[in-house]
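Observations on the three-dimensional arrangement
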Amino acid sequence: MPNGEKPIVKCSVSNCHYWGEKNVCKADLIMIDIDQHAAASYREEYAGETFDTDHQDAARSSASTCCHTFKPKSKSS
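Attention now goes to the overall build of the chain. Of regular secondary structure, the chain possesses zero helices and four strands. Traced from its N-terminal end to its C-terminal end, the chain shows the element sequence β-β-β-β. The 77 residues of the chain split such that 19% are buried. A separation of at least 24 residues holds for 52% of the contacts in the chain among residues at least 6 apart in sequence. Working note: accessible area of the chain is about 6200 Å², and carbon and sulfur atoms make up 49% of it.

Where charged atoms of side chains with opposite charge meet at close range, the side chains can pair. Within this structure, the stated rule accounts for one salt bridge. With a shortest N-O distance of 3.6 Å, D28 and K6 are connected by a salt bridge. Within this pair, whereas D28 is found in the loop between β2 (24-25) and β3 (32-34), its partner K6 is found in the segment before β1 (19-20), the two being separated by 22 residues in sequence. By relative accessible area, D28 is classed as exposed at 56%. Note on K6: relative accessible area 54%, which makes it exposed.

Phi is mostly negative for residues that are not glycine, and the peptide bonds are mostly trans. Phi is positive for K22, which is not a glycine, with a value near 60°. Its location among the elements puts K22 in the loop between β1 and β2. By relative accessible area, which is 66% here, K22 ends up exposed. Its identity is not glycine, yet N23 carries a phi of approximately 60°, on the positive side. Its place among the elements puts N23 in the loop between β1 and β2.

Let's shift gears to the environment of P7. Here P7 shows up in the segment before β1. According to the relative accessible area criterion, P7 is exposed, its value standing at 54%. Distance from P7 to C25, taken between C-alpha atoms, is 10.0 Å for residues 18 residues apart in sequence.

Calculation rules
- Residues numbered from 1 in each chain as written.
- Predicted model: local features only at pLDDT ≥ 70, side-chain atom pairs only at ≥ 80, totals over all residues.
- Heavy atoms only, no water.
- Helix = DSSP H or I, 4+ residues; strand = E, 2+ residues; numbered from the N terminus.
- Buried < 20%, exposed > 50% of the residue type's maximum accessible area, 1.4 Å probe, protein only.
- Contact = heavy atoms within 4.5 Å.
- Areas by Shrake-Rupley, 256 points an atom, 1.4 Å probe, with all protein chains shown as cover.
- Salt bridge = Lys/Arg side-chain N within 4 Å of Asp/Glu carboxyl O.

Keep in mind these numbers describe shape, not what the thing actually does.
Below, the structure written as structure tokens:
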């Protein structure tokens, strides 16, 4: 956002490393792509480092998109 504020991103995937209380995503950066690219690897540095942002796509609905920011929570003993 131009003023430096981060938007609130809601996510119900509770096994994600960035999932927070009340379904609020705690990632610094969110990478979303179309399902056609779901298997793409962007050499992600999860939540704020680098993503390939040089390409652009169009989605017909939110159901045809996917989040590449997902990172599984660490398993604690």
